[in-house]
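Observations on the model geometry
So you can see what is in the structure, the chains are spelled out below.
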Amino acid sequence: MTRKQKRLAVIAGLGLAIVLAATIIFTALSSKITFFYSPSELKENPVAIGQDFRIGGLVKEDSWVKDGKINTFVVTDGESDTKVVYQQILPDLFREGQGVIAEGALTQEGYFAATNVLAKHDENYLPKEVVATLKERGEWEPETKEENGEGSAN
Amino acid sequence: MYIEIGHFALILAFGISIAQAVLGLTFWRSGGHIAGYVKQAAILQFVLVAISFGVLIIAFTTSDFSLSLAAQHSHSLQPMIYKISSVWGNHEGSILLWVLILVLFGAAVAVFGRNIPNDLRTLVLSVQGVLSASFIGFSIFTSNAFTRLDPAPFEGRDLNPILQDVGLAIHPPLLYIGYVGFSVCFSFAIAALISGRIDAAWARWVRPWTVASWTFLTLGIAMGSYWAYYELGWGGWWFWDPVENASFMPWLAGTALMHSAIVMEKRSALKIWTIFLAIMTFSLSLLGAFLVRSGILTSVHAFASDPERGLVLLALLGVFIGGAFILFAMRASSLRAGGLFAPISREGALVLNNLFLASATAAVLIGTLYPLVLDALTGARISVGAPFFDLTFSILMIPLLIILPFGPFLSWKRADLIAITQRLAGAAALTILATIVVFILRGATISLAPIGFLLGFWVSFGAIADLVYRAKIGRSPFIKSIRKLFSLPKSIWATALAHFGMGICVLGIVSVSVGESENITTLKLGQSAELAGYSIEFVKAEELPGPNYKIAHFEFVVSDKKGNERLAVSEKRIYVASSMPTTEAGILTYGGLSQLYIAVGDADKDGNQVVRIWHKPYILLIWYGTIFMALAGFLSLSDRKLRIGAPKKAKTKNILKSKGAT
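Residues numbered from 1 in each chain as written. Chains lettered and ligands numbered in written order. Predicted model: local features only at pLDDT ≥ 70, side-chain atom pairs only at ≥ 80, totals over all residues. Heavy atoms only, no water.

**Re the overall build of chain B**
Counting its regular elements, chain B contains 21 helices and 10 strands. Within chain B, the fraction of its 662 residues that count as buried is 58%. Here the analysis covers contacts within chain B between residues at least 6 apart in sequence; of these, 72% occur between residues at least 24 apart. Carbon and sulfur atoms make up 68% of the accessible area of chain B, which amounts to about 26,100 Å² in all. (Helix = DSSP H or I, 4+ residues; strand = E, 2+ residues; numbered from the N terminus. Buried < 20%, exposed > 50% of the residue type's maximum accessible area, 1.4 Å probe, protein only. Contact = heavy atoms within 4.5 Å. Areas by Shrake-Rupley, 256 points an atom, 1.4 Å probe, with all protein chains shown as cover.)

See below:
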């Protein structure tokens, strides 16, 4: 092989590797992403049973029931509700009336079986997906916002 | 009054950094006076910023709540270490810490860069000046840490309880030293592009800074990961959270840079690529700072979601990255390609290393930014989580880890793969044997795990094989080869140690991923749970007082297979000032490497305590591996050859050129 051919071979090899890497990344991206829905969006566009997605909103007041390790609560966006069952330890800052995101899938029985529940890390945290949803639904209370604003200067 | 002195010192530093940048960039060719001035400016700037940072530390440690920042983030009952770490446990303070480390590196270049020619050093320090002027400006104009309160409140509002932890007290400084250290590589790259001086000597000057930054970034990431593991109570050690990715991307790019700089130093090749990586690595650090600090991501790191700050950071990011790449595009074509090499050679292996590391960086970058971009463009809200990263990342790492042990054996320019394979035969045999042993002990199951174990053992044994080969162990008298082993250059030891650490880390990751088990259950006092051969008895629950929190204290007696009993303590802490709870998991280490992890949840009305227990086989290997890597970094830095780095012009260039065409 001449020097030029050698160089071409190397460049072709590197190019091939890059194309392969890109293919892997984009194939994975199209199959491994999780969508986020609010309870209302879920009602409007039902998701297949067993399909992973994330649901977010506020934990409805007086809806949290603990039975041993089984936690049942309702996620609401003011219009629609979704029942969530989570068989693990909830995060420290999980509270009724506060923002939450649950990851999991719908079951035959019609509730959302969560594999992971994300609550906030601190007092001022409201997941931004939840904020956006609440704003869309007109459920965003300015007082809450102010409280948050003050908190985040914190 | 002293607080205003701190504020004033910072403003002075701002002025000096602007002068340093403007004078340096305008008159870098004139040498002498300007070089001296720029050098002194860099040192003075550090002194001033250190004063202003010191002022914050004094205010926090003396609980001076007339400083608004201290009132909002500290508390008089906090232990001293958290009073200090509260300084950077908030947006304003963390930006000032960033600035402090930035100017520290500037001063370090000024002090230790005596061997660097005047013009190049002046340029490097000027670019550092541009960076520090921007970040000091950002601190003064958008994130002022010195605002006063009048009247001063009686008590502070406490640091976010989850951050009140020793791990988190030292995680940010370590991580920042890593992040910001890459600014020196960036400045060197820009200086090289402006001056047109890009040769092997350049790589020699840049390498110590790269190695130092990489070492601290490694420690910082490992510390953050260990903190998340024991403090969040979720039992996981890596979540592919965007914030973790933000620190991981510069690490991947920095690892690539560290390797490509070797090729540039030794063989004058990969120049353009190395410059590109130097710019890219710091750009990813800046991107990380933007993602974390702008509030665009919701996480424990996003202290404040102030859109104005986010926009300013985005503008800075755009200017630096955009400017650097425009300069790169203008100048790169004028660079001459360096020495040629055959595909099978040390250079060839390092190119592959860079190829896979760069692809992995790209995978993480795309996965992290895609949801943000999609949200901005279409409003669709998606998340890209662990499944994406696990898949793409592991596919890209497998070939990298397979070729890794070959690298140090390959000679420059062209190498004999068959001879090297023979030298690695021992390591390969041990690898297969060790994997079989692991599977006999674990009980064989059909999974991808064997590939993981094979890779981990292969990389670890391969690293040892390199030392064994170079010390001629088994091929010369034993005493002689041992003596030889310890007289090997530090760079050889550092390479072997870092690669060995990588292998160990892989083994830990694989072992936990395939071998961990968990048991979530409810226990009443006196009841027991079983997991992985351990029996866990719930023996005590009580309320205790803490310094600035109340404790719900739980004790468990854990008996292992042999019947040895040990006590595990899990706690839930309720912080007084914020009434926020945190979880302190009870963690017992077995055999020095495996852990039993007990986290408690809430009790229901009948007194059933929810308990989550994990068995994490060999999990500590993950962090021991990173410690080996960091030790390798320090070892490499202690190498006199690297440190002194006397500039040698590549005189041999012509000879190499004629020989290089093979």
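**A closer look at the nonpolar core**
Residues Phe135, Phe188, Trp202 and Ile275 of chain B are the most contacted members of the largest nonpolar core, which totals 152 residues. When sequence neighbours within four positions are dropped, the list of residues in contact with phenylalanine 135 of chain B reads Ile95, Trp98, Val99, Leu102, Leu286, Leu313, Leu316 and Phe320 of chain B. (Core = buried A, V, L, I, M, F, W, Y, C linked by side-chain atoms within 4.5 Å.)

**A short note on the sheet that holds strand β8 (residues 586–590) of chain B**
Residue and element names in this part refer to chain B. Reading across from one edge, β2-β10-β9-β8 is the order of the 4 strands in this open sheet, with antiparallel pairing throughout. Every interior strand has two partners, whereas the edge strands, β2 (517–523) and β8, have only one. Taking each pair of neighbouring strands and ignoring which way they run, the sheet shows an average axis angle of 15°. Relative to strand β9 (residues 594–603), β8 is paired through 5 bridges, and the arrangement is antiparallel. The residue of β9 that forms the bridge with glycine 586 is isoleucine 598. The sheet strands contacting helix α8 (residues 200–231) are β8, β9 and β10 (609–616), and the helix crosses β9 at an angle near 50°. (Pairing = 2+ DSSP bridges. Axes fitted to C-alpha atoms, helices over the stretch in contact; angles between N-to-C directions.)

**Let's talk about a positive patch on the surface**
There is a patch of like positive charges on the surface, built from Arg423, Lys472, Arg475, Lys480 and Lys484 of chain B. The residue arginine 475 of chain B is located in the loop between α16 (449–470) and α17 (478–486) in this model. (Patch = residues over 30% accessible without salt bridge, like charges linked within 9 Å, V, L, I, M, F, W, Y side chains within 5 Å. Salt bridge = Lys/Arg side-chain N within 4 Å of Asp/Glu carboxyl O. Lys, Arg positive; Asp, Glu negative; His and termini not counted. Charge placed at Lys NZ, Arg CZ, Asp CG, Glu CD.)

**Some words on unusual backbone geometry**
Residue and element names in this part refer to chain B. Residue proline 151 is reached from aspartate 150 by a cis peptide bond, and omega for that bond is 0°. Structurally, proline 151 can be placed in the loop between α6 (118–142) and α7 (166–195). In this structure, serine 268 takes a positive phi of about 60° despite not being glycine. Positionally, serine 268 belongs in the loop between α9 (242–267) and α10 (271–293).

**What about the sheet that holds strand β6 (residues 565–575) of chain B?**
All names here are of chain B. Strand order in the open sheet formed by 5 strands is β3-β4-β5-β6-β7, and the pairing between neighbours is antiparallel. A single partner strand is all that each edge strand has here, and the edge strands are β3 (528–531) and β7 (581–584). Recorded for the sheet is a direction-independent mean angle of 25° between the axes of neighbouring strands. Here β3 runs beside strand β4 (residues 534–545); their pairing, made up of 4 bridges, is antiparallel. Following the sheet pairing, serine 528 is matched in β4 by glutamate 537.

**Some remarks on the side chain of serine 17 of chain B**
Structurally, serine 17 of chain B is set in helix α1 (residues 2–27). The residues touching serine 17 of chain B, leaving out its near neighbours within four places in the chain, are Gln45, Gly129, Ser132, Ala133 and Ile136 of chain B.

**Concerning the packing of helix α13 (residues 386–403) of chain B against α16 of chain B**
All names here are of chain B. Where α13 meets α16, the axes come as close as 9 Å, and the angle between the chain directions of the two elements is 35°. As for the relative orientation of α13 and α16, their crossing is left-handed in sense. Facing α13, whose interface residues are Ile398, Leu401 and Ile402, α16 presents Ile451, Leu455, Trp458 and Val459. Tallied by class, residues from the contact of α13 with α16 come to 7 nonpolar, no polar and no charged. (Left-handed = near helix turned anticlockwise from the far one by under 90°. Nonpolar A, V, L, I, M, F, W, Y, C, P; charged D, E, K, R; others polar.)

**Focus: the pattern of salt bridges**
Evaluation of the coordinates by the stated rule reveals 15 salt bridges over all chains. Among the salt bridges present, the one from lysine 60 of chain A reaches aspartate 81 of chain A, with a minimum N-O distance of 2.5 Å. In this pair, lysine 60 of chain A sits in the loop between β2 (53–59) and β3 (65–67) while aspartate 81 of chain A sits in strand β5 (residues 81–86), placing the two residues 21 residues apart along the sequence. Take lysine 60 of chain A: its relative accessible area is 35%, and that puts it in the partly exposed class. When its relative accessible area of 39% is taken as the criterion, aspartate 81 of chain A is described as partly exposed. Close ionic contact of glutamate 571 of chain B with arginine 573 of chain B constitutes a salt bridge, the shortest N to O distance being 3.3 Å. Overall, glutamate 571 of chain B belongs to the buried group, its relative accessible area being 11%.

**Considering the packing of aromatic side chains**
Residue and element names in this part refer to chain B. Under the defined criterion, the tally for this structure stands at 42 aromatic pairs over all chains. Taking the centre distance of 5.1 Å and the plane angle of 50° together, the rings of tyrosine 229 and tyrosine 597 count as tilted. Within this pair, whereas tyrosine 229 is found in helix α8, its partner tyrosine 597 is found in strand β9, the two being separated by 368 residues in sequence. A relative accessible area of 0% places tyrosine 229 in the buried class. (Phe/Tyr/Trp six-rings, centres within 6.5 Å; stacked < 30°, edge-to-face > 60°.)

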